[in-house]
Amino acid sequence: MQATSTAFKENAAGALVDAQLQKALTKMKAGFIDKRAKAAAELPEFEALRDQAKAIKDHTLEHLDLYLERWESKVTASGGRVHWCPTAEDARARVLEICRAAGARTVTKGKSMIGEEIAINDHLEANGIEPIETDLGEYIIQLRHEPPSHIIAPAVHLTKEQVAEDFRRAHTALPGDRQLEEPIQLVTEARAMLRERFLAADVGITGANFLVAETGSSVIVTNEGNGDMTQLLPRVHIVLASIEKVVPTLEDLATILRVLARSATGQEFSSYTTLSTGPRRPGDIDGPDEYHVIVLDNGRSAMLGSEFQEMLRCIRCGACMNHCPVYHAVGGHAYGWVYPGPMGSVLTPALIGIDKAAHLPNASTFCGRCEAVCPMRIPLPKMMRHWREKEFERHLSPPTVRVGLGFWSFFARRPWLYHRLTALQARVMGRLGRGRGGFSKLPLAGGWTEYREMPVPQGRTFQDLWAERRGERAQGARAQGARAQGARG
Amino acid sequence: MSGRDEILGRLRRSLKRGDGAAAAAVDERLQGRRRNLVPARAKQEPAALVDLFEEKVKAVQGTVRRISGLDGVPAAVADHLKAHNLPPKICIAPAPDLEGLAWSQAAPLLDVRAGAPAADDLVGVARAAAGVAETGTLMLLSGPTGPSTLNFLPDDHIVVLRAEEIVGAYEDGWDLLRQRYGVGEMPRTMNFVTGPSRTGDIEQTIINGAHGPRRLHVLLVDPAVSE
């Protein structure tokens, strides 16, 4: 998809006044946070499992080339095929090739963020093959021609009334006066519509939450079961994966699975966790005849060995955005590309370039909740700071910011001057503001005073008070020392 | 240059890959297959695990009925159909445990077919390889006696499991796979099933039966139970 991350500020401003979106976001906030907290509290070993999950991924990333080779040889031995794709374009071409060879007219799809990243739907459509999203959230946004706004809840930005409207528009063969007020009616209708598509599809495309080196398996974790019907019913199964999805053993997979659903939806385990290995075996009653895995790089190998390597631990649970005050305020579309929220603010600049995504690492209050809940303990605020440094180094930040920071650094390096100046400023503002609570307008601080008042400084500066406190404490300590001396003597 | 060489070459450069020590570490880990931390709740006496399994299945809106022997399966299935007002027609997995049952005696009006389900089959009866107590998770394997579509197409997913097949942790399930297929080998499809199909995609309202089964019913064969 075309990135609009450069327009983050405009996107965010629009999102803040979008009444439907704000209604949907209000519903979203509490749900995810409470559920995760409850799931974490119910498993005493949860924090220790997070440590181990992090260690597993760290080890794997340090040996990524070797694990990918081991994984590939197992896939090949089980009759599957691996397609190595350095770029999104390579991946699109490979998928189309496989679909054409299968004579595909329709393709069902399970939810895949890699699919979004390489914009596979548009490519298939442009080449006369119809892609059908089968995850309910993805199906809804496909009807609306929108990208997902959340990595595990793609339609979280919509209200049920909007979905009902879309269904009335799209499902024209159904009676116009049918009831569509409740979520269950909407789910039932989508289920019926998609059933036929599952059965008719020639190729099924799913994502992969993990690849297991020990067995050559790909793993999907879902609640609806759509990913399973997608891969079992058509003749050909294509898996869209990226290089960092690999884990060494089934034991390592189990550990990470224990933190995944709890962090994502607050479930102890998702309804369906499926390990797929190669095509159907002789004697099997069902399953696909062909099994292909697309393994995408698209900029990830350059993150390895850099200050962004830790981002490759991400298992796409969505906990960071579920807990992010900025995401809660503006929703996922404002971020302008495939991955929203804190994880997107770190990953997007790495994949599409900081020049196209410089606003994203700035869209953070650095409150630290994302890092606190990340099951893989990814230091997201630290990495957003790295991006801000890079943005500054490459002169991508606006002139006002650069000049402001220039002034700041001049004074910050001269503490005595800084001290005098702030003391003077506090005195002057204190006098000017005498008799009123705050300033509603200040030169050079319009961005602040437009939304709230600047309080009038009261008395002395923090530095003054601190120096005084320290003096008192030092005196106190001396006095105590003298008493102790006296007692000993 | 092939895509493979390009990607692996970049990775090796980024990681500054040198001698064979790294390869030895990788092989050691793959062959060691060491368990990481396993939650205490998964390490209990067998009877406690059976109870935990039942509790966890119910916690995700599955239902469990304990019966004393496999021969009680047909009647229990018939009861389920009656309770939910379902037509007397089922598709069963062609597993010896299920095919060998006296269906026509216990449930004479029931139309029983073994194999993969058709699109209009409303009720499927599958045979699980194991139950994982820590989260109430069923392990189902594909093969000549286990069509995987049976776990997803029918509205009602009835699964037969013996109490002695209940293990504590997912890792115990892996051991079972290694015993059955060999180390590093897998069936084409291994399904972990925890409750019925569900979605929260519309305003986070949890609805069962999104695409897969609307109901999950476990028939737990437990000789210790008195009917």
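In this text the structure is predicted, and so the values were computed from the model without any measurement. (Residues numbered from 1 in each chain as written. Chains lettered and ligands numbered in written order. Predicted model: local features only at pLDDT ≥ 70, side-chain atom pairs only at ≥ 80, totals over all residues.)

**Observations regarding the overall build of chain B**
- When helices and strands are counted, chain B shows seven helices and 12 strands.
- C-alpha atoms of chain B, sized along the principal axes, occupy 70 × 40 × 40 Å.
- Buried positions account for 48% of the 227 residues belonging to chain B.
- Sequence separation of at least 24 residues holds for 75% of the intrachain contacts in chain B that already meet a minimum separation of 6. (Helix = DSSP H or I, 4+ residues; strand = E, 2+ residues; numbered from the N terminus. Buried ≥ 20, exposed ≤ 12 C-beta atoms within 10 Å, placed from the backbone. Contact = placed C-beta atoms within 7 Å.)

**Some remarks on the overall build of chain A**
- Each helix and strand in chain A was counted, giving 23 helices and 12 strands.
- Considered along the principal axes of its C-alpha atoms, chain A spans approximately 90 × 65 × 45 Å.
- Across the 489 residues that make up chain A, the buried fraction comes to 49%.
- Put simply, 74% of the contacts in chain A that link residues at least 6 apart link residues at least 24 apart.

**Overview of helix α20 (residues 399-412) of chain A**
- For α20(A), spanning 14 residues, the distance from its first C-alpha to its last is 19 Å, which sits close to the expected 20 Å at 1.5 Å a residue.
- Of all 14 residues making up α20(A), only zero are buried, and the element is barely covered by its neighbours. (Expected span 1.5 Å × (residues − 1).)

**Looking at helix α2 (residues 19-41) of chain A**
Residue and element names in this part refer to chain A.
- Spanning 23 residues, α2 covers 35 Å between terminal C-alpha atoms, matching the ideal 33 Å at 1.5 Å per step.
- Among the residues of α2, those classed as buried are L21, A24, L25, M28, F32, R36 and A39.
- Residues of α2 that are buried sit in contact with α1 (8-16), α12 (250-264), α14 (319-322), α15 (325-330) and α18 (369-373).

**A few points about the sheet that holds strand β2 (residues 106-109) of chain A**
Residues and elements named next belong to chain A.
- The sheet built from six strands is open, its strands ordered β1-β10-β7-β4-β2-β3 with parallel pairing. At either end of the open sheet lies a strand with only one pairing partner, and these are β1 (81-85) and β3 (130-133). The average undirected angle you get between the axes of adjacent strands in this sheet is 25 degrees.
- In the sheet, β2 pairs with β3 via four bridges, with the strands oriented parallel. (Pairing = 2+ DSSP bridges. Axes fitted to C-alpha atoms, helices over the stretch in contact; angles between N-to-C directions.)

**Structural notes on the packing of helix α4 (residues 64-77) of chain A against helix α2 (residues 21-32) of chain B**
- Relative to each other, α4(A) and α2(B) sit at 50 degrees, their axes nearing to 10 Å. If you check the angle between α4(A) and α2(B), you find them oblique. By crossing handedness, the relation of α4(A) to α2(B) is classed as right-handed. Facing α4(A), whose interface residues are L66(A), Y67(A) and R70(A), α2(B) presents A22(B), A23(B), V26(B) and L30(B).
- Across the contact of α4(A) with α2(B), the residue classes tally to six nonpolar, no polar and one charged. (Parallel < 35°, antiparallel > 145°, perpendicular 65-115°, else oblique. Left-handed = near helix turned anticlockwise from the far one by under 90°. Nonpolar A, V, L, I, M, F, W, Y, C, P; charged D, E, K, R; others polar.)

**Section: the interface of chain A and chain B**
- At the junction of the two partners, chain A supplies 80 residues and chain B supplies 63 residues.
- Class assignment for the residues of the side of chain A that touches chain B results in 35 nonpolar, 25 polar and 20 charged.
- Sheet analysis places strand β9 (residues 272-276) of chain A next to strand β9 (residues 189-193) of chain B, joined by five bridges and oriented antiparallel. Note on β9(B): the bridge partner recorded for T273(A) is F192(B).

**Observations concerning the domain arrangement of chain B**
- Each assigned domain of chain B is listed here: domain 1 (1-32) and domain 2 (40-221).
- Taking only C-alpha atoms into account, the centre of domain 1 of chain B sits 41 Å from that of domain 2 of chain B. (Domains from an automatic or database assignment.)

**Remarks on the nonpolar core**
Residues and elements named next belong to chain A.
- Residues A241 and I294 are the most contacted members of the largest nonpolar core, which totals 188 residues.
- It is α12 that provides the largest number of residues to this core, a total of nine residues.
- What I294 contacts, discounting residues up to four positions off in sequence, is H83, C85, A91, R94, V95, I238, V239, L240 and A241. (Core = buried A, V, L, I, M, F, W, Y, C linked by C-beta atoms within 7 Å.)

**Notes on the sheet that holds strand β6 (residues 217-222) of chain A**
- The strand order across the open sheet formed by eight strands is β8(A)-β5(A)-β6(A)-β9(A)-β9(B)-β6(B)-β5(B)-β8(B), and the pairing between neighbours is mixed. Each edge of the open sheet carries a strand with a single partner, namely β8 (246-247) of chain A together with β8 (166-167) of chain B.

**Let's talk about the pairing of β9(A)**
Residues and elements named next belong to chain A.
- For β9, the tally of buried residues reaches five of five residues, placing the bulk of the element in the interior.
- Side chains Y272, T274 and S276 of β9 all project onto a buried face; the interleaved residues T273 and L275 project onto the opposite face, where all are buried too.
- With five bridges connecting them, β6 and β9 associate as antiparallel partners. Residue pairing across strands places S218 opposite S276, the latter belonging to β9.

**Thoughts on the domain arrangement of chain A**
- According to the domain assignment, chain A contains domain 1 (43-298) and domain 2 (461-489).
- In this structure, domain 1 of chain A and domain 2 of chain A have C-alpha centres spaced 65 Å apart.

**Describing the environment of V221(A)**
Residues and elements named next belong to chain A.
- Along the chain, V221 falls in strand β6.
- Residues V221 and G207 lie 14 residues apart in sequence; the distance between their C-alpha atoms is 9.5 Å.
- Once you skip the residues sitting within four places of it in the chain, V221 turns out to touch N209, L260, A261, S270 and T273.

**Focus on unusual backbone geometry**
- Even without being a glycine, F366(A) presents a positive backbone phi close to 55 degrees.
- Here the phi dihedral of K16(B) falls at roughly 50 degrees; this positive angle occurs in a residue that is not glycine.
- Relative to the assigned elements, K16(B) resides in the loop between α1 (3-15) and α2.

**Quick word on the confidence of the model for chain B**
- This prediction gives chain B a mean pLDDT of 95; 100% of its residues lie at or above 70.
- What the predictor reports for the complex is a pTM of 0.92 with an ipTM of 0.98. (pLDDT = per-residue confidence, 0-100.)

**A word on the environment of L122(B)**
All names here are of chain B.
- On the secondary structure map, L122 appears in the loop between β3 (111-114) and β4 (123-127).
- Overall, the presence of 17 C-beta atoms within 10 Å leaves L122 in the partly exposed class.
- A C-alpha to C-alpha distance of 4.6 Å links L122 and P154, two positions 32 residues apart in sequence.
- Look past the residues within four positions of L122 in its chain and what remains in contact with it is L86, P87, P154, D155 and D156.

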